[in-house]
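# Reading the structure
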Amino acid sequence: MSAGINPQRFSLPRDLSEAVSATVNEWGSADKVKRLWARDASLWTGGDEGKWLGWLSIVGEQQKTADRFVKFAEEIAEGGFSHALLLGMGGSSLCPEVMRKSFGKIEGFPELQVLDSTDPAQIKAIENKIDLSNTLFFVSSKSGTTLEPNIFKQYFFERVKQALGDGAGDRFIAITDPGSKLRQAAEHDQFRKIFLGVPSIGGRYSALSDFGLAPAAAMGVDVQKFLDRTAEMVKACNAEVAAHENPGVVLGAILGVAHNHGRDKLTIVTSPAIYDLGAWLEQLIAESTGKNGKGLIPVDREAPGLPETYGADRVFVYLKLESDARDESIDAIEASGQPVVRITLGDVYDLGQEFFRWEVATAVAGSIIGINPFDQPDVEASKIATRKLTEEYEETGSLPAEIPLFEGDGVKLFADERNAKALNEIVDERSLTGYLKAQLHRLDAGDYFALLAYIEMSEANERILQSARHAVRDAKRVATCLGFGPRFLHSTGQAYKGGPNSGIFLQVTCDDRDDLPVPDHKYTFGIVKTAQARGDLEVLAERGRRALRVHLSADVSGGLAKLEGAMKSALA
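Predicted model only: the values in this text are computed from it and were never measured.

### Points about helix H15 (residues 379-396)
Over its 18 residues, H15 runs 27 Å from end to end, which matches the ideal 26 Å to within 8%, given 1.5 Å per residue. Those residues of H15 not exposed but buried are Val-379, Ala-381, Ser-382, Ala-385, Thr-386, Leu-389, Thr-390 and Tyr-393. Where H15 is buried, its residues contact helix H7 (147-164), helix H12 (277-289), helix H19 (493-498) and helix H20 (525-542).

Now the structure itself:
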């Protein structure tokens, strides 16, 4: 094993340890590591998997042309931009977000911001953070047809034109695949630059392609250094390394075998300086493995609890920056017999090693689970449902009417016919607290609870929702998830709809105090967000999921406080 890689160690219960050892030995004896690098689709389902393994060789390819990132960084520094704003979703935005939050503002380079929400309050909050006349915009979309980046681009292109007049295109950069509609639009609007992705790399595996590295270069990251560090992990995971010494294969075996032993809640604990890495891992794991009724459910940013809080459905991964203090609660969890993997990063330039290790591990886990880790069959369903609603709004000027299951005290509840019937059969009081109690009563051992919040992803909102999720975790002793919409639709949404039917979902929506127009459309950003939330709930219902929606007024902070109080009363 290479001496230059982030160390990984693990402690597993005996039955799991024996099964993992057997699986790793089988990967060695059957030459499966070589077959992975040979892009052999029979490792998975024998479908089109071989077409989606371009990420295996991307680091070496990027090293050969790393000078272009150096020149680009120099150009951006000389431009004197105060900010760079990346407009994207899912695989196009999560890696840049990790880099932004882990590296922070680098002297002499623009401060990077990331927009991946259609919530009008969040868009306006981002706009208020930047100087429109001195900001560089990245429009990032692999397909070039993703709704959100396209309407973000329309909005901000118009705003920059208003601020600067002609020549707005010089403030925009596209990152997209060859031949996409975004590339055509970028050429038409005379964008400053176009970075091209690799068609054989799916969005969630694209961190080390230009989707991750171009924004990193713009914010001042030394891309050559980043790639050189990452290459150490590529070397450690390559086809010539024995399976039991291959860090990606060993981690993938732990995850895949844990899943097959009923431990399908991958609980990610990160130290403070790299806390946002969990958001990237969430997408990679959930969208890759959560399908055909199988899958690992990633649990990110759930604070470690007492050992007795956890059931036998967990596997823990603790990722720690060397300079961060050790979280002793992980020691207690490990001592209680839970499986724990520990990975230590020397500094933030070692993040690339984790991108690659986890991509290998996810591909290996997918093989062991028995699914195709490179497709996302259920993501499109929500997009279709959203498109149907936005098209109806364009034609009629309104969305279809809804009838609430309950209305009172400034809150409305909505559910499909099947879920409404199930809740009405067990509710003991027709109130917000009563229905929340009924919904939470549906949690069984081995289930998980997910809060899906289509509201501004602000610190204040997140603090209240985190308090609510932890109250559920502690009272019901189940895994809990928190996602903000619509960004989670491009991430964990696949597993929620296509993975195991073990989720209890509470969707949170709100009236928008202020809305923002989408240029050249009748619909607004608020209407798009509403359509996304309603489409999401519709598909969850179609998939037989146990889902309830809570709709708040425009006083979101007041509504969230009311919701938190009602949830804690329901759990008492």
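### Concerning the pairing of strand E12 (residues 411-414)
The two faces of the sheet receive side chains in turn, since in a regular strand these alternate between them. Relative to E12, strand E11 (residues 406-408) runs antiparallel, the two being bridged by 3 bridges. Among the inter-strand pairings, Glu-407 is bridged to a residue of E12, identified as Lys-412. Between E11 and E12, which follow one another and run antiparallel, lie 2 residues, and Asp-409 among them has a positive phi close to 60°. One ladder, built from 4 bridges, connects E12 with strand E16 (residues 546-552); its direction is antiparallel. Paired with Leu-413 across the bridge in E16 is Val-550.

### What to know about the nonpolar core
Formed by 98 residues in total, the largest nonpolar core has its most connected members in Trp-55, Phe-103, Phe-138, Phe-226, Trp-280, Phe-355 and Trp-358. With 11 residues, the top contributor of residues to this core is helix H14 (residues 351-369). Judged by nonpolar contacts, the second largest core, of 37 residues, contains Phe-449, Leu-451, Ile-455 and Cys-510.

### Side note on the packing of helix H10 (residues 223-236) against H14
Their axes nearest at 7 Å, the elements H10 and H14 cross at an angle of 35°. As for how H10 packs across H14, the hand of that crossing is right-handed. In contact with Phe-226, Arg-229, Thr-230, Glu-232, Met-233 and Val-234 of H10, H14 contributes Leu-351, Gly-352, Gln-353, Glu-354, Phe-355, Phe-356 and Arg-357. In terms of residue class, the contact of H10 with H14 is made up of 6 nonpolar, 3 polar and 4 charged.

### Looking at the environment of Lys-412
Within the secondary structure layout, Lys-412 lies in strand E12. Each C-alpha atom of the pair Lys-412 and His-551 lies 5.0 Å from the other, and the pair is 139 residues apart in sequence. When neighbours within four sequence positions are excluded, Lys-412 is seen to be in contact with Pro-404, Phe-406, Glu-407, Arg-549, Val-550 and His-551.

### Re the side chain of Gln-532
Among the structural elements, Gln-532 can be located in helix H20. Residue classification places Gln-532 among the buried positions, given a relative accessible area of 2%. A distance of 2.7 Å separates the side chain of Gln-532 from the side chain of Glu-148, its partner in a polar contact. When neighbours within four sequence positions are excluded, Gln-532 is seen to be in contact with Thr-118, Leu-147, Glu-148, Thr-386, Tyr-454, Pro-486 and Leu-489.

### Here's the deal with the packing of helix H4 (residues 67-79) against helix H9 (residues 210-218)
The N-to-C vectors of H4 and H9 enclose an angle of 40°; their axes lie 8 Å apart at closest approach. On the basis of the axis angle, H4 is oblique to H9. Crossing angle aside, the handedness with which H4 passes H9 is right-handed. In contact with Arg-68, Phe-69, Phe-72, Ala-73 and Ile-76 of H4, H9 contributes Asp-210, Leu-213, Ala-214, Ala-217 and Ala-218. Per-class residue counts for the contact of H4 with H9 are 8 nonpolar, no polar and 2 charged.

Reading the values: the criteria
Residues numbered from 1 in each chain as written. Predicted model: local features only at pLDDT ≥ 70, side-chain atom pairs only at ≥ 80, totals over all residues. Heavy atoms only, no water. Helix = DSSP H or I, 4+ residues; strand = E, 2+ residues; numbered from the N terminus. Expected span 1.5 Å × (residues − 1). Buried < 20%, exposed > 50% of the residue type's maximum accessible area, 1.4 Å probe, protein only. Contact = heavy atoms within 4.5 Å. Pairing = 2+ DSSP bridges. Core = buried A, V, L, I, M, F, W, Y, C linked by side-chain atoms within 4.5 Å. Axes fitted to C-alpha atoms, helices over the stretch in contact; angles between N-to-C directions. Left-handed = near helix turned anticlockwise from the far one by under 90°. Nonpolar A, V, L, I, M, F, W, Y, C, P; charged D, E, K, R; others polar. Polar contact = N/O pair within 3.5 Å; in protein donor to acceptor, adjacent residues only side chain to side chain. Parallel < 35°, antiparallel > 145°, perpendicular 65-115°, else oblique.

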